[in-house]
Amino acid sequence: MIEAVRLQKHYGKTKAVDDLSFTVRPGRVTGFLGPNGAGKSTTMRMILGLDTPTGGDVTIDGKHYAQLKQPLRKVGALLDAKWVHPNRSARAHLKWLAVSNKIPVSRVREVLEIVGLTEVAHKNAGGFSLGMSQRLGIAGALLGDPEVLLFDEPVNGLDPEGILWIRQFMHRLANEGRTVFVSSHLLSEMAQTAQDLIVIGKGQLIAQTSTEQFIADATQDTVRVRSPHAAKLREILAAHATVTDDSASGSLVVHGIAAQQIGELAAENQIVLHELSPQRGSLEEAFMQLTKESVEYHAH
Amino acid sequence: MTLLAVERIKLFSTRSPYWCSALALVLGVGLTAIIAASTDNGQLSIGVTQFGSSQLALSVVLVMAALAVTTEYRFSTIRATFLAVPNRTSALVAKTVVVAFIAAVLGEIIAFGSVGMAKLLSPASDLAINTSGEWRHVAGVGLLYGIGAIIAIAVGILVRQTAGAVAILLVWNMLLEQLIGIIPKAGVKIQAWLPFMNANHFLQLGGDNTAEQAGAGIDFKLSQWGSLGYFAGVAIALLVVALIVAKRRDA
Ligand SMILES: Nc1ncnc2c1ncn2[C@@H]1O[C@H](COP(=O)(O)OP(=O)(O)OP(=O)(O)O)[C@@H](O)[C@H]1O
Ligand SMILES: [Mg+2]
C-alpha cells in the first residue's frame with residue numbers, strides 16, 4: 001500500500017504537487033491520471049525517495065523508501081526507460097541491479113525471458129527501440145519480485161501490440177496480489193487498464209474513485225445546445241452548470257444539468273434552440289471537461 | 001562489499017575506463033620513451049622517468065574518474081543507482097573507493113612501466129630504485145592517482161556534467177596552480193598550499209633534477225609526506241562536501 005498525506009513539491013513558484021493525499025491499495029491496478037504537467041512524475045519520484053517533498057509525507061507500507069533494506073525486493077519502478085547507460089548491455093544493466101540488492105544473478109535470465117529480451121540480452125541498451133527499452137525497464141522493475149510496482153507512462157510510444165502486452169501484464173501482477181500504480185495522461189487507456197483511479201490536475205487531487213464510478217460520473221449530463229442567442233443562453237446556463245464553447249460547431253457543451261432543464265430554462269427566457277441533444281460523451285471529452293480548470297498547457 | 005561489487009560491474013561494463021586507462025598508459029610511458037630516446041645513453045636518471053606519469057597521464061586519470069560519476073548523471077543511471085541503494089552516501093563512497101583503487105593500480109603500472117621503458121631504451125643509465133626517495137618518486141605516483149581520483153569524483157558529483165567537471169579539473173591541475181606563481185611574492189606562498197602543488201612536492205626527488213621538477217622554487221611548509229597528507233585531506237574534505245550536497249538535493 002502506498003499512502004500520500006498532504007504531499008507537496010514546489011519548484012520555486014511552481015507548485016508541481018500541491019497538498020495531495022491518496023492511497024493505493026494492493027491487488028488492484030491503480031491508474032494515476034492527469035494532463036501533462038499535472039505532477040504525476042514528480043509524485044512518483046517522491047514516492048521513491050528521489051525527490052524530497054517540500055511538505056507532507058509519502059510511505060510504502062508505512063515506511064519511507066529510503067528506510068527499505070533491499071528496496072528492489074519490495075518496490076519495482078519504471079520511471080523512465082532511458083535511465084540506462086547506452087553502452088552497457090541489457091544483461092550487465094540487470095546484473096548490477098541484482099547484485100546491489102543481493103538478488104540471485106540467475107534471476108536476470110528469468111526476467112529477460114519474461115519480457116522477451118533474451119535474444120538481445122548481450123546487446124547494448126543504446127541500440128534498443130523504445131519498445132525494447134520499455135521492456136528492459138520492466139525487467140528491471142520485476143527483478144526483485146516486488147510487492148509494489150510503479151510505472152510512469154509505460155505505454156508511451158508503444159505500438160498496439162506492446163500496449164496490449166503491458167496492459168495484460170499489469171493485470172496479472174495485480175491478480176497476484178501486488179500493488180500496481182501506473183500513470184497516464186489518457187483516460188481511454190486507463191479505462192482499460194486500471195480498476196481504481198487517482199486523478200490529479202495542477203498538482204491537486206481531482207478524484208479518487210473506482211474507474212467505473214469515475215466514468216459514470218464524468219460522462220453523464222453532457223448536453224449539446226445550439227442557439228442563435230448563444231451568448232445569452234450561456235449566461236443563463238452558467239448559473240446552473242458548467243458551460244463550454246465548442247467553437248468547431250458553434251454550439252455549447254453543458255455539463256451538470258439535464259437536457260430537460262435546459263429546454264425549460266430556454267423557454268422561460270424565450271430563447272430559440274436549434275439543437276438540444278444529450279451526449280454520451282467520449283471518455284476523453286469527459287476527462288478534459290473535468291481537468292479543464294487545471295490544465296497547465298492549453299493548446300491554442 | 002556488495003556495493004563495491006556493484007560499482008565494479010558498472011565501471012567495467014562500459015568502455016570509457018578501458019580507453020582512458022589505455023590513453024593514460026600510452027601518454028605516461030610514451031613521454032618517458034620520448035625523453036629516453038632524446039637523451040644520450042647512460043645519462044638518464046630516475047628523476048626524469050615520471051614526467052609523463054605525474055602530469056599528462058594524471059590528467060587523463062582525473063578525467064576518467066570524473067566520467068565515472070558524470071556519465072551516471074548524464075544518462076540518469078544515478079537515479080537507478082539511488083533506487084537500488086537509497087543510502088546515497090554509501091553508494092557514492094563505494095564508487096569512490098573502486099575508482100580510486102583502480103586509479104592507484106593504474107598509477108603504479110604507469111610509473112613502473114615508465115622506469116621499465118627508460119631501462120629498455122637507455123640500458124647504460126643507472127635506473128635502479130634504491131633510496132627511499134627514489135621509491136617514493138616512482139611508487140608514489142599510484143597514491144597521487146588514487147587521491148586525485150577522489151578529487152575528480154567529488155568535482156563530478158558537484159558539477160554533474162562531463163564538460164564542466166573536466167574543464168574544472170584540467171584548468172585547476174594543469175593551469176591555475178601554475179599561473180598563481182605569476183603573482184609577485186604572494187604567488188609562491190599561495191602555491192605552497194595548493195593541493196596539486198603539494199602532490200608534486202610529495203613526488204620530488206631532490207638532487208640534480210630538482211630545478212626541472214614541478215613545484216620547484218616553492219617553499220613548502222610541509223614535509224613531503226605531510227604534503228601528501230595535505231593533498232589527501234583536501235580530497236576528503238571536497239568529497240564530504242560533495243556527499244552532503246548529493247544527499248540533500250533531488251536526484
Ligand atoms: N526539476 C524540476 N524543476 C522545476 N520544475 C519542475 C521540475 N520537475 C517538474 N517540474 C514542473 O512541475 C510540474 C509537474 O511536472 P511533472 O513532470 O511531475 O508532470 P507530469 O504529470 O509527469 O507530466 P507529463 O504527463 O508531461 O509527464 C510541471 O509544471 C513541471 O514543469
Ligand atoms: Mg511525467
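Residues numbered from 1 in each chain as written. Chains lettered and ligands numbered in written order. Predicted model: local features only at pLDDT ≥ 70, side-chain atom pairs only at ≥ 80, totals over all residues. Heavy atoms only, no water.

Q: Explain the overall build of chain A residue by residue, including any values.
A: Tallying secondary structure elements over chain A gives 10 helices and 13 strands in all. Once the C-alpha set of chain A is aligned to its principal axes, its extents read approximately 75 × 40 × 35 Å. The proportion of buried residues among the 300 residues of chain A is 51%. Carbon and sulfur atoms make up 49% of the accessible area of chain A, which totals about 13900 Å². Across chain A, the 31 positively charged side chains and the 32 negatively charged ones have centroids separated by 9 Å. (Helix = DSSP H or I, 4+ residues; strand = E, 2+ residues; numbered from the N terminus. Buried < 20%, exposed > 50% of the residue type's maximum accessible area, 1.4 Å probe, protein only. Areas by Shrake-Rupley, 256 points an atom, 1.4 Å probe, with all protein chains shown as cover. Lys, Arg positive; Asp, Glu negative; His and termini not counted. Charge placed at Lys NZ, Arg CZ, Asp CG, Glu CD.)

Q: Give a detailed account of the sheet that holds strand β7 (residues 179-184) of chain A, specifying residues and quantitative values.
A: The strands making up a sheet associate through backbone hydrogen bonding, with each pair oriented either parallel or antiparallel. All names here are of chain A. Within the open sheet, the 6 strands sit side by side as β5-β6-β7-β3-β8-β9. Their pairing is mixed. Only two strands of the sheet have a single partner each, and these edge strands are β5 (75-78) and β9 (204-210). Adjacent strand axes in the sheet meet at a mean angle of 15°, parallel and antiparallel pairs treated alike. The pairing of β5 with strand β6 (residues 148-152) spans 4 bridges and is parallel. Across the sheet, the residue bridging to Leu78 is Phe151, located in β6. Contacts between helix α5 (residues 160-175) and the sheet are confined to β3 (29-33), β6 and β7, with β7 contributing the most and set at about 150° to the helix. (Pairing = 2+ DSSP bridges. Axes fitted to C-alpha atoms, helices over the stretch in contact; angles between N-to-C directions. Contact = heavy atoms within 4.5 Å.)

Q: So what's going on with the interface of chain B and chain A? Residues and values would help.
A: The figure often quoted for interface size is the accessible area lost as the parts come together. The interface is formed by 24 residues belonging to chain B together with 27 residues belonging to chain A. Viewed at the interface, chain A and chain B are joined by 1 salt bridge. Put simply, chain B and chain A have 10 residue pairs in polar contact (both at pLDDT 80 or more) between them. Sorting the residues of the side of chain B that touches chain A by element identifies α1 (2-12) and α4 (77-84) of chain B as the ones contributing at least two each. No other element matches the 7 residues that α4 of chain B contributes to the side of chain B that touches chain A. By residue class, the composition of the side of chain B that touches chain A is 11 nonpolar, 7 polar and 6 charged. (Salt bridge = Lys/Arg side-chain N within 4 Å of Asp/Glu carboxyl O. Polar contact = N/O pair within 3.5 Å; in protein donor to acceptor, adjacent residues only side chain to side chain. Nonpolar A, V, L, I, M, F, W, Y, C, P; charged D, E, K, R; others polar.)

Q: I'd love a proper account of the packing of helix α3 (residues 51-74) of chain B against helix α7 (residues 162-179) of chain B, names of residues and values included.
A: Residues and elements named next belong to chain B. Where α3 contacts α7, the axes come no closer than 9 Å and their chain directions differ by 155°. Regarding the angle of α3 to α7, the classification is roughly antiparallel. Judged by the sense of rotation from one axis to the other, the crossing of α3 with α7 is right-handed. Side by side, α3 and α7 meet where Leu56, Leu58, Ser59, Leu62, Val63, Ala66, Leu67, Thr70 and Thr71 of the first sit next to Thr162, Ala165, Val166, Leu169, Leu170, Asn173 and Met174 of the second. When its residues are assigned to classes, the contact of α3 with α7 shows 11 nonpolar, 5 polar and no charged. (Parallel < 35°, antiparallel > 145°, perpendicular 65-115°, else oblique. Left-handed = near helix turned anticlockwise from the far one by under 90°.)

Q: Explain the sheet that holds strand β1 (residues 2-11) of chain A to me, using residue names and the numbers behind them.
A: Residue and element names in this part refer to chain A. The 3 strands lie next to each other as β2-β1-β4, forming an open sheet whose pairing is antiparallel. Taken across any chain shown, the strands that pair with only one partner, and hence form the sheet edges, are β2 (14-24) and β4 (55-60). Geometrically, the sheet is characterised by an average inter-axis angle of 20° between neighbouring strands, direction not taken into account. Pairing geometry for β1 and β4, over 5 bridges, is antiparallel. Bridged to Gln8 within β4 is Gly55. Helix-sheet contacts for helix α1 (residues 40-47) involve β1, β2 and β4, and the interaxial angle to β1 is about 115°.

Q: Run through the confidence of the model for chain A, naming residues and quoting values.
A: Predicted coordinates in areas of low pLDDT are best not read in detail. Looking at chain A, the pLDDT average stands at 89 and 93% of residues meet or exceed 70. Summarising per-element confidence for chain A, the mean pLDDT is lowest in helix α10 (residues 283-291) of chain A (70) and highest in α1 of chain A (97). (pLDDT = per-residue confidence, 0-100.)

Q: Tell me what's going on with the pattern of salt bridges, and back it up with residues and numbers.
A: On inspection of all chains with the given rule, the structure shows 19 salt bridges over all chains. In this structure, the salt-bridge partner of Asp196 of chain A is Arg25 of chain A, at a minimum N-O distance of 3.2 Å. Taken together, the residues Asp196 of chain A in strand β8 (residues 196-201) and Arg25 of chain A in the loop between β2 and β3 connect sequence positions 171 residues apart. Judged by its relative accessible area of 44%, Arg25 of chain A is partly exposed. Asp245 of chain A is the partner of Arg234 of chain A in a salt bridge, and the nearest nitrogen-oxygen pair spans 2.8 Å. Of this pair, Arg234 of chain A sits in helix α8 (residues 230-238) while Asp245 of chain A sits in strand β11 (residues 242-246), and the two are 11 residues apart along the sequence. One salt-bridge network, in which partners are shared between bridges, spans Glu7, Lys10, Glu72 and Lys95 of chain B.

Q: So what about the packing of helix α2 (residues 90-100) of chain A against α1 of chain B? Which residues, and what values?
A: Geometry of a packed helix pair, given as the angle between the helix axes and the separation of the axes. Remark: α2 of chain A packs on α1 of chain B, axes separated minimally by 8 Å, with the N-to-C direction vectors making an angle of 170°. In terms of their interaxial angle, α2 of chain A and α1 of chain B are classed as roughly antiparallel. Contact with α2 of chain A, carried on its side by Ala92, Lys95, Trp96, Val99 and Ser100 of chain A, involves Thr2, Ala5, Val6, Ile9 and Lys10 of chain B of α1 of chain B and no other residues of that element.

Q: Describe the site of ligand 1, naming the residues involved and giving the relevant values.
A: All names here are of chain A. In the neighbourhood of ligand 1, 15 residues make up the surrounding shell, with Gly37, Gly39, Lys40, Ser41 and Thr42 lying closest. Side-chain polar atom of Asn36 to an oxygen atom of ligand 1: 3.0 Å apart, as the coordinates give it. At 2.8 Å from an oxygen atom of ligand 1 is found a main-chain nitrogen or oxygen belonging to Gly37. Protein chains bury 65% of the 640 Å² of accessible surface belonging to ligand 1 in isolation. The element that contributes the greatest number of residues to the shell around ligand 1 is α1, accounting for 4 residues. Tallied by class, residues from the shell around ligand 1 come to 5 nonpolar, 6 polar and 4 charged. (Near = heavy atom within 4 Å.)

Q: Explain the packing of aromatic side chains to me, and be specific about the residues and the numbers.
A: For the structure on display, the rule yields 10 aromatic pairs over all chains. Ring geometry for Trp165 of chain A against Phe169 of chain A: centres 5.1 Å apart, planes inclined by 15°, an arrangement best described as stacked. Taken as a pair, Trp165 of chain A and Phe169 of chain A lie in helix α5 at a separation of 4 residues, close to a single helical turn. Three or more aromatic residues joined by ring pairs form one cluster here, namely Phe22, Phe32 and Phe181 of chain A. For Arg135 of chain A, the ring lying beneath its charged end belongs to Trp165 of chain A, and the centroid distance is 4.3 Å. Of note, Lys10 of chain B hangs over the ring of Trp96 of chain A, and the distance from its end group to the ring centre comes to 4.4 Å. (Phe/Tyr/Trp six-rings, centres within 6.5 Å; stacked < 30°, edge-to-face > 60°. Lys NZ or Arg CZ within 6 Å of the ring centre and 35° of its normal.)

Q: Run through unusual backbone geometry, naming residues and quoting values.
A: All names here are of chain A. Located in the positive-phi region is Lys102, a residue other than glycine, with phi close to 50°. Phi is positive for Gln270, close to 55°, though the residue is something other than glycine. With a relative accessible area of 70%, Gln270 lands in the exposed category.

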